[in-house]
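Coordinates in review
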Amino acid sequence: MSRNVTVGLDGSSESRAAAEWAAREAKLLGLPLRLVHVWEPVPEPMAQAPLLGAETQQHWSERIPREAAEGLRPRHPGVHVDMVQIPGSPVDALAEASKDAELLVLGSRGLSGIGGFLVGSVGMAVIARVETPVVLVRAGEQAADEHEADPAGIPSAATAYRPVVLGLDTGHPDDAVIVFAFEEAARRGSALRVVHGWNLPPYFAYGLAADPDLNAELGRQEAAALTEVLRPWRQKYPDVEVVEQSRSGSPANHVIDASREASLVVVGRRVRRSPFGAHIGPVTHAVLHHATAPVAVVAHD
């Protein structure tokens, strides 16, 4: 099957925002968009009820992807949109659908009063399970949110893209995560802001007050390490402007701060094939819940 951008659709405002984002991304990638709606069959006793039966449920469920596709096509005329409805568990169905996808896009509710995400159990389980890159999009996300304001300070989708932000661990850099971020920045014609957070080693903490130059020296070492990791990628993507940021403190907090001026945030997730379940990692987990821009999670070994 040909590659596509797949979006999980359940009729909610967050999934509709995800579908719009996925359509814009599909156009950038030159790929078709697939709407996947998962419906869980009703239990057998309920299936016998004339107003709550399986046929009635399926009839109403079919309207969700059909009406979404009918709305997306005129708004994104260059994108081929198809749809599929799958019965079963949402996590299992989305994981299976992701195998044919270049990208899987899911919606997430915004946290009231906080500019972040409220990631449900389905979204977290899918992210932890699939090896296809997954993008989370908040309810209310619009095309203008990815772009710089116009000269009058008004949101606009006609201006340049905001930077793509990459959260990078220089101790364990992964090519898949770095390539994904550079490619996204190249497609958007935007800058790539690479954010690296670091903390003092525990055995230095007690000596910090007696050696005020220690923090500065470690900062220079960390900044040099970031530059060295990015050197071959700058050469491979000479048209992408790279902005390096290496600061002491929580890596997650630095990425979350940078997300406020980003079109997309890219973070990694190490694949752990364990019988005791999958894990996302503390930095990625924090970024998923508190970033204000769409977040792409790229699995890597």
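Everything discussed here concerns the structure shown above.
The sections below set out a description of the structure shown in this document. (Residues numbered from 1 in each chain as written. Predicted model: local features only at pLDDT ≥ 70, side-chain atom pairs only at ≥ 80, totals over all residues. Heavy atoms only, no water.)

**Some remarks on the side chain of glutamate 146**
With respect to the element layout, glutamate 146 can be found in the loop between strand S6 (134-138) and strand S7 (164-167). Setting aside residues up to four positions removed in sequence, glutamate 146 forms contacts with Trp21, Arg24, Glu141, Tyr161, Arg162 and Ser263. (Helix = DSSP H or I, 4+ residues; strand = E, 2+ residues; numbered from the N terminus. Contact = heavy atoms within 4.5 Å.)

**A look at the side chain of histidine 254**
Considering the arrangement of structural elements, one finds histidine 254 in helix H8 (residues 251-259). We classify histidine 254 as buried; its relative accessible area is 12%. Within the structure, the side chain of histidine 254 is placed 2.9 Å from the backbone oxygen of serine 248, a separation counted as a polar contact. Among residues more than four places away in sequence, those in contact with histidine 254 are Val195, Gly197, Gln245, Arg247, Ser248 and Gly249. (Buried < 20%, exposed > 50% of the residue type's maximum accessible area, 1.4 Å probe, protein only. Polar contact = N/O pair within 3.5 Å; in protein donor to acceptor, adjacent residues only side chain to side chain.)

**Comments concerning the packing of aromatic side chains**
In total, this model carries two aromatic pairs according to the counting rule given. An angle of 25° between the planes, with centres 5.0 Å apart, marks the rings of phenylalanine 182 and tyrosine 237 as stacked. Of this pair, phenylalanine 182 sits in helix H6 (residues 175-188) while tyrosine 237 sits in the loop between helix H7 (214-236) and strand S9 (242-248), and the two are 55 residues apart along the sequence. Using a relative accessible area of 10% as the deciding quantity, one classes tyrosine 237 as buried. These aromatic residues form a ring-pair network of at least three members: Phe182, Trp233 and Tyr237. A cation over a ring is seen here: arginine 188 above tyrosine 161, with NZ or CZ 5.6 Å from the ring centre. (Phe/Tyr/Trp six-rings, centres within 6.5 Å; stacked < 30°, edge-to-face > 60°. Lys NZ or Arg CZ within 6 Å of the ring centre and 35° of its normal.)

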